[in-house]
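Given next are the chains, with one letter for each unit.
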Amino acid sequence: MKPKTLFDKIWEEHIVDAPPDQPAVLYIDLHLIHEVTSPQAFEGLRLNHREIRCRTQTIATMDHNVPTTDRSLPIADVISRRQVETLRQNCYEFGITLFDLNDQRQGIVHIIGPELGLTQPGMTIVCGDSHTSTHGAFGALAFGIGTSEVEHVLATQCLRQNKPKTMEIRVDGQLPFGVRAKDIILGIIGQTGTDGATGYVVEYTGEVIRSLSMEERMTICNMSIEAGARAGMIAPDQKTFDYLKSRPGAPKGNLWDEAVAHWRTLPTDLGATYNRTVVIDVSRLAPQVTWGTSPGMVAPIDGRVPDPSQMSNEADRKSAERALEYMGLKPNIPLQEIPVQRVFIGSCTNGRIEDLRAAAAVVKNQKVASGVHAMVVPGSTQVKRQAEAEGLDRIFKEAGFEWRDAGCSMCLGMNPDYLLPGERCASTSNRNFEGRQGKGGRTHLMSPEMAALAAITGHLSDIRQFKMEEKAS
Amino acid sequence: MQPLKQVKGIVAALDRANVDTDQIIPKQFLKRIERTGFGEFLFYDWRYRADGSPNPDFELNHPAFRGASILVTGKNFGCGSSREHAPWALSDYGIRVIIASSFADIFFNNCFQNGMLLIRMDEAIVADLFKKANDRNGYELTVDLESQSITDEGGLSLRFEVDAFRRHCLLNGLDDIGMTLQIEDRITEYEAKRKRWLVGVGDKS
């Protein structure tokens, strides 16, 4: 038999119909929905008198638009409230399970799927959200879709898809001291560009990837979209199975053994080929921070703001000039001299328990710098409870951080958590686009440890130095 | 969906690379639950100044581009979020065809779902179209999907590629959900053979 990639195996297993000269009709195992990209899909079903094909494979949560402060109060913004209420009504009318604002299982859609064991190897998973790629960390084929496609899945449990190409990103070398999953993926995007993987499903391979925890793997797959990829995947292994075992959505009893036996057949066969392979050596990678308005505008923390006049490509130069103007930065200044006024720790990229533990370890017995407003927004209500059980909330609060309820929050600022014009933020989220965190706001993306450190020092800082000093003392 | 066969119209040039969907339709407008009325918010933060007046420096506010139905823009257009509000806003504003050297995947799909035609062209051709649109007041193109051609009155004649299925759907204004529902038997057949642990997974949380 011809050797196959992880992607090929999942793709072939989900083909319902493959008419010639047409996209394949692909079966969808799990459909996740939220309040922002679903209302028009339900409206479409109603207008066309269509039913939901398989309500038990659809799960809804509220995340993008929800307040992260006192939830016993009504949502102040009338339009936000209407959107949240619309999801509630739609789920009730169509019989879909919803994790509502005060449900213990509520949280960011890409945090709760894995945490509840709904996300499993070999699945096809879609959601009207580009960071659906997160679930690929379990060896699932998971990708973001638009609202018309949400409607398509609701009505048919299928999607029409052209087969994407495959790309292997092999991460080799020895991960240096102080360098984390976020730095790896930012480093990859810096190297490939924000359209380097457009049209491809990426499989991350190599010893470094194997050595990462499930949560770190999710951080990597999460930002695949920032490299333009259709999806990101990592082959399932014992870590994947250990993570899933005994979670509510995971198979039980004999079915568990049957599932694991199948999951073990999924990894890419020896000799299988990808359309493209990129090899990245992380041995000399430094912690990364973005300086511009696209995730590809990234540099090592011990570096400087680049000088557009030194760029040979005209489009790149123009983009960099525009970015520096928006960011209020001058070329060639050391990145560590850039002060911040806000710090955001959270999001589907870095809002999991390991992220909060890493940030808390930096913050412990320290104080947030004066003039800095810092907040922690756990990715889910369960992450919040777990952190509180471990006493992390106290560490953050004693240092001067705000401790909030779960949601997307200032990753995209649809709720009341957003930057004011000119405010500069050290953020663990995934996008530093103009206005992403608030109109006129300036975002620097980085790892949770680096964001925590920026809160303490008041400027972008090198976590390696901090750790060395901590060791020495 | 309205069929798209031919579009003849003014070309607007937006010579910027990596324009993301957060710029096309900023997040404060994603709270609406309707599919229509997004055109006035298109490129909101670029298009309007803080006091709400049009920003004269923004390309699409150029008087020569008024009423444009064809947009020519830089590489990787539509990157970032999957929000279909981006094509809804472009379409509501009057854009039917977008020409660029590359597009982000999800945005590309979303546009076709809304009856818009996206055309990939070499960077040199895009650069030439930028120049023509910027130099000539009210520069027009005719984009013909049937013959897969782009022409102007000055003798320009280009051929473009488009996925055969997408072309078929656009020309006939087809609803692809309806097409998938026609093979319901196949879906039911497939469902009978699924791995047992996957059935009804959403109910197990």
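All values derive from a computational prediction rather than experimental measurement.

Each helix and strand in chain B was counted, giving eight helices and seven strands. Taken along its principal axes, the extent of the C-alpha atoms in chain B is 65 × 45 × 25 Å. For chain B, buried positions account for 60% of its 205 residues. As presented, chain B carries roughly 8,500 Å² of accessible surface, and 46% of it is formed by carbon and sulfur atoms.

Bringing the pairing of strand β3 (residues 30-33) of chain A into the picture now. All names here are of chain A. Neither face of β3 is open: one carries L30 and L32, the other H31 and I33, and all of them are buried. Direction of pairing for β3 relative to strand β6 (residues 124-127): parallel, over a ladder of three bridges. Its bridge partner being in β6, L30 is matched across the sheet by I125. Summarising the sheet, β3 and strand β4 (residues 58-61) pair through three bridges and their orientation is parallel. Each residue of the ladder has a partner; that of H31, found in β4, is T58. Following the backbone out of β3, through helix α2 (residues 39-47) and into the adjacent parallel β4, one traces a crossover that is right-handed.

A full pass over the atoms with the stated rule returns 47 salt bridges over all chains. The partner of D29(A) in a salt bridge is R194(B), and the shortest N-O contact between them spans 2.6 Å. In this pair, D29(A) is assigned in the loop between β2 (24-27) and β3 and R194(B) in the segment after α8 (184-192), connecting two distinct chains. Each member of the pair D29(A) and R194(B) is classed as buried. Across the pair R16(B) and E59(B) runs a salt bridge whose closest N-O atoms are separated by 3.0 Å. Of this pair, R16(B) sits in the loop between β1 (6-14) and α1 (21-24) while E59(B) is found in the loop between α2 (44-47) and β2 (70-73), placing the two residues 43 residues apart along the sequence. By relative accessible area, which is 11% here, R16(B) ends up buried. Among the ionic contacts, a cluster of salt bridges with common partners joins R180(A), E216(A), E449(A) and K467(A).

All names here are of chain A. Close contact between α2 and helix α5 (residues 147-156) brings their axes to 8 Å; oriented N to C, the two are set at 50 degrees. Judged by the angle between their axes, α2 and α5 are oblique. Like other packed secondary-structure pairs, α2 and α5 cross with a definite hand, here right-handed. Residue-level contacts link Q40, A41, F42, G44 and L45 of α2 to T147, V150, E151, L154 and A155 of α5. The residue makeup of the contact of α2 with α5, split by class, is six nonpolar, three polar and one charged.

The next subject is the sheet that holds β6(A). Residue and element names in this part refer to chain A. In space, the five strands of this open sheet follow the order β5-β4-β3-β6-β7, with parallel pairing throughout. Taken across any chain shown, the strands that pair with only one partner, and hence form the sheet edges, are β5 (97-99) and β7 (141-144). Averaged over all neighbouring strand pairs, the angle between strand axes comes to 20 degrees, with direction disregarded. Alignment of β6 against β7, held across four bridges, turns out to be parallel.

Let us now look at the environment of T240(A). Residue and element names in this part refer to chain A. In this fold, T240 is placed in helix α9 (residues 238-244). Since its relative accessible area comes to 0%, T240 is described here as buried. Considered as a pair, T240 and A137 are 103 residues apart in the sequence and their alpha carbons are 8.5 Å apart.

Glancing now at the pairing of β2(A). Consecutive residues of a regular strand have side chains that alternate between opposite faces of the sheet. Residue and element names in this part refer to chain A. Burial along β2 is two-sided: A24 and L26 facing one way and V25 and Y27 facing the other are all buried. Sheet analysis places strand β1 (residues 15-17) next to β2, joined by two bridges and oriented antiparallel. The residue of β2 that forms the bridge with D17 is V25. The hairpin turn running from β1 into β2, its antiparallel successor, is six residues long, and D21 in that turn takes a positive phi close to 60 degrees. Sheet topology note: the β2/strand β8 (residues 158-161) ladder contains four bridges and is antiparallel. Directly across from Y27, in β8, lies its bridge partner C158.

By size, the foremost hydrophobic cluster in this structure holds 115 residues, and its most contacted members are F401(A), F43(B), F77(B), L90(B) and L117(B). Tallying contributions element by element places helix α16 (residues 448-457) of chain A first for this core, with seven residues. Formed by 95 residues, the second largest nonpolar core is a distinct cluster that contains V150(A), I184(A), I185(A) and M233(A).

A few words on the interface of chain B and chain A. Where interface size is given, it is often the accessible area lost as the parts come together that is meant. Contacts between the two partners involve 64 residues from chain B and, on the opposite side, 83 residues from chain A. A combined buried area of about 6,300 Å² lies between chain B and chain A, and 50% of that area is made up of carbon and sulfur atoms. Where chain B touches chain A, the interface holds 14 salt bridges. Across the pair R50(A) and D175(B) runs a salt bridge, and its minimum N-O distance is 2.8 Å. Applying the counting criterion to the chain B and chain A interface returns 40 residue pairs in polar contact (both at pLDDT 80 or more). Mapped by element, the contributors of at least two residues to the side of chain B that touches chain A are α1, α2, α3 (85-93), α4 (105-113), α6 (164-172), α7 (176-181) and α8 of chain B. Classifying every residue of the side of chain B that touches chain A by side-chain character gives 20 nonpolar, 18 polar and 26 charged.

Parameters at a glance
- Residues numbered from 1 in each chain as written.
- Chains lettered and ligands numbered in written order.
- Predicted model: local features only at pLDDT ≥ 70, side-chain atom pairs only at ≥ 80, totals over all residues.
- Heavy atoms only, no water.
- Helix = DSSP H or I, 4+ residues; strand = E, 2+ residues; numbered from the N terminus.
- Buried < 20%, exposed > 50% of the residue type's maximum accessible area, 1.4 Å probe, protein only.
- Areas by Shrake-Rupley, 256 points an atom, 1.4 Å probe, with all protein chains shown as cover.
- Pairing = 2+ DSSP bridges.
- Right-handed = clockwise from strand over helix to strand, strands pointing away.
- Salt bridge = Lys/Arg side-chain N within 4 Å of Asp/Glu carboxyl O.
- Axes fitted to C-alpha atoms, helices over the stretch in contact; angles between N-to-C directions.
- Parallel < 35°, antiparallel > 145°, perpendicular 65-115°, else oblique.
- Left-handed = near helix turned anticlockwise from the far one by under 90°.
- Contact = heavy atoms within 4.5 Å.
- Nonpolar A, V, L, I, M, F, W, Y, C, P; charged D, E, K, R; others polar.
- Core = buried A, V, L, I, M, F, W, Y, C linked by side-chain atoms within 4.5 Å.
- Buried area = accessible area lost by both parts, 1.4 Å probe.
- Polar contact = N/O pair within 3.5 Å; in protein donor to acceptor, adjacent residues only side chain to side chain.

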